[in-house]
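Here are the chains, one letter per residue:
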Amino acid sequence: MIDASVASIFREHAAHLGKQVRVKGWVRTRRDSKAGLSFVQMSDGSCFDAFQVVAPNSLANYASEVAKLTAGCAVVAEGEIVPSQGKGQPVEMQASRIEVVGWVENPDTYPIQPKPHTFEYLREVAHLRPRTNTFGAIGRVRHCLAMAVHRFFHERGFFWIHTPIITGSDCEGAGQMFRVSTLDLANIPRTPEGTVDFSQDFFGRETHLTVSGQLNVETWACALSKVYTFGPTFRAENSNTARHLAEFWMIEPEIAFATLLEDAQLAEDLLKYMFRALLEERGDDLKFFADRIDKGCIARLEALVGASFERMDYGDGIRHLEAAIAKGRKFEFPVSWGCDLQSEHERYLTEELVGRPVILMNYPKDIKAFYMRMNDDGRTVAAMDILAPGIGEIVGGSQREERLDMLDRRLDEMKLDKDAYWWYRDLRRYGTVPHAGFGLGFERTVIYATGMANIRDAIPFPRTPKTCDF
RNA sequence: UCCCCUAUAGCUCAAUGGUAGAGCGGGCGGCUGUUAACCGCCAGGUUGCUGGUUCGAGUCCAGCUGGGGGAGCCA
């Protein structure tokens, strides 16, 4: 008797034929035949396909237990792997023993029925939704993409840097942050001036959850040359859209001795590597997404892996938009050089004009962050966004300002406190070097790859405004 | 946070201001090497919450809460 996953049985079914095997999993459906047997469809999550166990009524517990199995029951099935007499699977198990490990106490109210459910409903039962086809597939796709990220960087000599989750600087700039505190909210200590006395807080200062590992990882890039972070990130923005989470995962590489062009190439190579891995390793799950979620998802991935991304200067993007307007294309918001592109503008460029991901580069300095490197024209910075059809911004990156005088000028312009950035400025004083990096939203990548419509269904337990269940 | 839509059985949805229904799922029975199985019967509801209009509210109105779509912010 050997223990086997469903994936291994299907992957090497010839080798398993005739063998006594033990499989453990959860029942999807049970179909009875009065020829004296039941078909128990079970899944252990190791692959997309469920496994058919044929249970003859000669089993000791057939009438008392097997015939009463319903969706969700946990079972251990033992028996011989035989060629299937029916269609739909190459092999199946002729069971000699089925042990019911865990019953479903009330089948009538088991939340996951063998029928299509809405994703909104499944979010309310997030503890059980991984047992569905869709979320099982999402889980395996996430894993595949995450492993591909680490492989990609490892193969290229990058080091994975574990930047802090808790940050003591309020200088990260990228929007609202979650406070981290052990102070008693009902009895907040005050300074003589009446403000909150954070010196009595756990860290002796005000602290928050990170909104980006970038500033920290830049320090390691200026030592180990090629580094990246891959971890959770937190934004306290009150964003209620299908593309925003309060807690999400982000990949942020940072490369020393590099310019914006190398940064953009790295982002393109990474995305292609991730999607190639997905096409090679998760064909079963992708087929499901293509069948039931988004017809074009496999073709889209194959096209993306094979074609180079469109590179476009911000100024050219504006000119394309203005040309479209001149031809009668209507937009809700006006377009002119210097304005931040609206979602509708980004969608036009990537979905209508190009039909592929677009790398938009060299944005006006006034709409970008302080740390982005000033271009020689004095009015644009070396920033790049990658816009993907159906998603919008999937990557945001830049070459960093490595010249201290230029950085200080930008900090002053934006009225930021230079002292708060003392260690970030130190990097520019001690062996400064041109460097660049970007942030890739992991869940947005999952959405893009699978065609899932809502980012809340691309992460096991979504956190969004007013929602932190489970 | 703003605009729009929405909330009915375990799930997906019906129901002109007039006795709340169907399909799926569940239970029981029948049939069948079945595969979203099929056929019959049965059970299952304070119509999201609070208030209002009305002889009468699932239906109309107000507020609240949750969900969805769009926008902003961004990954």
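Residues numbered from 1 in each chain as written. Chains lettered and ligands numbered in written order. Predicted model: local features only at pLDDT ≥ 70, side-chain atom pairs only at ≥ 80, totals over all residues. Heavy atoms only, no water.

A word on the overall build of chain A
- Of the regular secondary structure elements, chain A holds 13 helices and 17 strands.
- The principal-axis extents of the C-alpha atoms in chain A amount to approximately 85 × 65 × 45 Å.
- The proportion of buried residues among the 470 residues of chain A is 51%.
- For chain A, restricting intrachain contacts to residue pairs at least 6 apart in sequence, the fraction spanning at least 24 positions comes to 66%.
- With an accessible surface of roughly 22500 Å², chain A has 52% of that area assigned to carbon and sulfur atoms.
- A distance of 4 Å separates the average location of the 56 positive side-chain charges in chain A from that of its 65 negative side-chain charges. (Helix = DSSP H or I, 4+ residues; strand = E, 2+ residues; numbered from the N terminus. Buried < 20%, exposed > 50% of the residue type's maximum accessible area, 1.4 Å probe, protein only. Contact = heavy atoms within 4.5 Å. Areas by Shrake-Rupley, 256 points an atom, 1.4 Å probe, with all protein chains shown as cover. Lys, Arg positive; Asp, Glu negative; His and termini not counted. Charge placed at Lys NZ, Arg CZ, Asp CG, Glu CD.)

Details of the pairing of strand β11 (residues 226-234)
- Here β11 lies mainly inside the structure; 7 of its 9 residues are buried.
- Bridge count between strand β7 (residues 159-160) and β11: 2 bridges; the pairing is parallel. Bridge assignment links Trp160 to a residue of β11, and that residue is Tyr228.
- Two elements, β11 and strand β12 (residues 247-256), share 9 bridges in a ladder whose sense is antiparallel. Paired with Gly231 across the bridge in β12 is Met250. (Pairing = 2+ DSSP bridges.)

Here we look at the sheet that holds β11
- The sheet built from 8 strands is open, its strands ordered β7-β11-β12-β17-β16-β15-β14-β13 with mixed pairing. The two strands at the open ends of the sheet, each matched to only one other strand, are β7 and β13 (310-313).
- Relative to strand β17 (residues 435-441), strand β16 (residues 392-399) is paired through 5 bridges, and the arrangement is antiparallel. Note that in β17 the partner of Ser398 across the bridge is Gly437.
- Across the sheet, helix α6 (residues 260-281) is in contact with β12, β13, β14 (358-364), β15 (380-388), β16 and β17; its angle to β17 comes to roughly 30 degrees. (Axes fitted to C-alpha atoms, helices over the stretch in contact; angles between N-to-C directions.)

Looking at the packing of aromatic side chains
- Across all of its chains, the model carries 21 aromatic pairs by this definition.
- Relative to Phe51, the ring of Phe10 has its centre 5.9 Å away and its plane inclined at 70 degrees; by these criteria the two rings are edge-to-face. Here Phe51 lies in strand β4 (residues 51-56) and Phe10 lies in helix α1 (residues 6-11), a separation of 41 residues in the sequence. Comparing Phe10 with Phe51, the two get one shared label, buried.
- Centroid distance Trp423 to Tyr424: 6.4 Å. Interplanar angle 85 degrees. Geometry classified as edge-to-face.
- A relative accessible area of 24% places Trp423 in the partly exposed class.
- Sitting over the face of the ring of Tyr448, Arg300 holds its NZ or CZ atom 5.0 Å from the ring centroid.
- Between the NZ or CZ atom of Lys368 and the centre of the ring of Tyr363, over which it lies, the distance is 4.2 Å. (Phe/Tyr/Trp six-rings, centres within 6.5 Å; stacked < 30°, edge-to-face > 60°. Lys NZ or Arg CZ within 6 Å of the ring centre and 35° of its normal.)

Let's talk about the packing of helix α4 (residues 133-155) against helix α7 (residues 283-293)
- One can describe the packing of α4 onto α7 by two numbers: an axis separation of 10 Å at closest approach and a directional angle of 135 degrees. Here α4 is positioned oblique relative to α7, judged by the angle of their axes. The handedness of the crossing between α4 and α7 is left-handed. Facing Asn133, Thr134, Ala137, Ile138, Arg140 and Val141 of α4, the residues of α7 in contact are Asp285, Phe288, Phe289 and Ile293.
- Of the residues belonging to the contact of α4 with α7, the class tally is 6 nonpolar, 2 polar and 2 charged. (Parallel < 35°, antiparallel > 145°, perpendicular 65-115°, else oblique. Left-handed = near helix turned anticlockwise from the far one by under 90°. Nonpolar A, V, L, I, M, F, W, Y, C, P; charged D, E, K, R; others polar.)

Here's the deal with the packing of α7 against helix α8 (residues 297-306)
- Between α7 and α8, the shortest axis-to-axis distance is 8 Å and the interhelical angle comes to 120 degrees. The angle between α7 and α8 falls in the class oblique. Listed contacts from α8 to Leu286, Lys287, Phe289 and Ala290 of α7 are Cys297, Ile298 and Leu301.
- Of the residues belonging to the contact of α7 with α8, the class tally is 6 nonpolar, no polar and 1 charged.

Thoughts on the protein's contact with RNA strand B
- Taken together, 50 residues lie near RNA strand B, and Lys87, Arg123, Thr241, His244 and Gln342 sit nearest.
- Each atom of RNA strand B within 4 Å of the protein belongs either to a base or to sugar and phosphate, the latter forming 47%.
- Note that a base nitrogen of RNA strand B is positioned 2.9 Å from one of the side-chain N or O atoms of His244.
- When residues of the surface near RNA strand B are traced back to their parent elements, those giving at least two are β2 (20-33), β4, β6 (91-102), α3 (119-124), β12, α10 (343-354) and β16. (Near = heavy atom within 4 Å. Polar contact = N/O pair within 3.5 Å; in protein donor to acceptor, adjacent residues only side chain to side chain.)

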